[in-house]
Amino acid sequence: MESTRPIRALMRGLEALTVLNLRDGATVSEVAQEIRLPRTTVYRILETLCNAGFVFRDAADDRYRLTILVRGLSDGFDDEAWVTQIAKPRIDELGREIIWPVSIATLSGTTMMVRDTTDHDTPLAIERYSAGFRAPLLTTASGRAYLAFCPAAQREALIDILARSNKEENALARAQRSDLQRILTDVAAQGYATTARTRRLVEEVSLSVPVPSHDRVLAVLTVRFLSSALPLKSGLERFLPKLRTCAANISSLFSEQQVEAQTKGAPEATV
């Protein structure tokens with residue numbers, strides 16, 4: 001089999017990202033010197049990365065810096081262990097108890113990625129999602145729960161990135177920032193997020209709660225149910241306490257795993 005020729009532009013972009021990752025920002029000239037390319041070429045590379053949301057140009061000092069979106073490139077690398085060992089048994093147990101589909105998702109770039117789900121184990125799932133499915137941040141219960149409870153600096157950075165997107169699902173971040181703030185304030189006050197969408201002529205409600213880990217959000221748990229089978233009030237009464245208990249158990253077991261890993265001198269698991 002013939003070897004595939006590398007895409008030079010992609011390699012140069014990755015080289016530029018590597019330089020920025022090793023510095024507290026860099027000018028066009030500094031990046032050009034590091035990767036030994038003309039300034040005009042490097043400028044186009046950096047502006048392309050800006051348009052993609054991975055880099056921003058700081059007006060204060062004219063240096064290019066990485067955005068939080070770069071963090072999404074590594075999401076999932078260390079997630080599998082704690083999802084498999086800790087989260088999966090708990091959501092499987094909860095799914096067997098309440099029958100309706102349960103999922104756990106973590107931030108991946110500017111989306112929520114499903115890490116595990118009971119969709120394929122229940123007859124009540126209208127649509128069946130699998131691990132790896134990505135959901136928008138602003139229009140889903142899981143995304144809103146994450147934004148409402150994550151650190152303020154991270155929340156603002158994510159919203160700023162979404163505001164530069166032309167996608168309809170990110171409209172709240174562009175022209176209706178006050179409405180978005182009100183929604184997230186309400187979610188934070190009540191401790192959960194809900195959204196409703198019409199799926200196959202029926203309304204499906206998603207109910208999400210955060211899984212905390214110290215000063216961050218480790219993940220988000222979600223249960224989906226039909227409003228025709230359970231009105232929202234009944235769904236909250238039935239599922240919210242169980243979701244919160246499950247989230248607390250996952251959080252506690254994850255913390256114990258972290259402490260044990262540190263005690264043994266093993267690298268701390270990251271998300």
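Refer to the structure printed above.
Visitor: Explain the pairing of strand S8 (residues 216-226) to me, and be specific about the residues and the numbers.
Guide: Judged by how many residues are buried, S8 sits mostly within the fold: ten of eleven residues are covered. Strand direction decides the pairing type here: strand S3 (residues 102-108) and S8, joined by four bridges, are antiparallel. Looking across to S8, one finds that Ala 105 is bridged to Val 220. Where strand S7 (residues 202-213) hands over to S8, the hairpin turn is made up of two residues, of which His 214 adopts a positive phi near 60 degrees.

Visitor: Go over the sheet that holds strand S6 (residues 193-199) with me, naming the residues and quoting the values.
Guide: Spatially, six strands are ordered S5-S4-S3-S8-S7-S6 in an open sheet, and the strand pairing comes out antiparallel. With partners counted over all chains shown, the strands left at the sheet margins are strand S5 (134-136) and S6, one partner each. Ignoring strand direction, the axes of neighbouring strands in this sheet form an average angle of 35 degrees. Two strands pair when backbone bridges link them, and S6 and S7 are joined in this way by seven bridges, in the antiparallel orientation. Pairing of Thr 195 across the sheet is with Ser 206, part of S7.

Visitor: Please provide a residue-by-residue account of the environment of Ile 98, values included.
Guide: Tracing the backbone shows Ile 98 in helix H4 (residues 79-98). The buried category is assigned to Ile 98, whose relative accessible area is 2%. Beyond its immediate chain neighbours, meaning those up to four positions away, Ile 98 contacts Val 223, Arg 238, Phe 239 and Lys 242.

Visitor: So, the pairing of strand S2 (residues 63-66): which residues are in play, and what are the values?
Guide: Judged from the four bridges that link them, strand S1 (residues 55-58) and S2 form a sheet pairing that is antiparallel. From the neighbouring strand, Asp 58 faces S2, where its bridge partner is Arg 63. The hairpin formed by S1 and S2 contains four residues between the paired strands, and Asp 62 there has a positive phi angle of roughly 65 degrees.

Visitor: Give a description of helix H2 (residues 28-35) that names residues and reports values.
Guide: At 3.6 residues per turn, the α-helix brings residues three or four places apart onto the same side. All buried positions along H2 are accounted for by Val 28, Val 31, Ala 32 and Ile 35. Down the axis of H2, the buried side of the element spans an arc of 100 degrees, and every buried residue falls inside it. The inward-facing, buried residues of H2 abut helix H1 (8-21), helix H3 (39-52) and S2. Immediately downstream of H2, the backbone of Arg 36 shows phi near 55 degrees, a positive value.

About the cut-offs
Sequence positions are assigned chain by chain, starting from 1 and proceeding in written order. For a predicted model such as this one, the threshold for reporting local features is a pLDDT of at least 70, and the threshold for listing and counting side-chain atom pairs is 80 or more; totals across whole chains, interfaces and linings nevertheless cover every residue. The basis for the side-chain values is all heavy atoms of the structure; hydrogens and waters are excluded. Between buried and exposed lies partly exposed: a residue is buried under 20% and exposed over 50% of the maximum accessible area for its type, with that area taken using a 1.4 Å probe on protein chains only. Counting from the N terminus, the helices are DSSP H or I runs at least four residues long and the strands are E runs at least two residues long. At least two bridges found by DSSP between two strands is the condition for calling them paired. Lines fitted to the C-alpha atoms define the axes, with helices restricted to the stretch that makes contact. Angles between their N-to-C directions range from 0 to 180 degrees. Residue contacts are defined here by distance: any two heavy atoms, one from each residue, within 4.5 Å place the two residues in contact. Think of it as the arc spanned by the lines of direction from the helix axis to the C-beta atoms.

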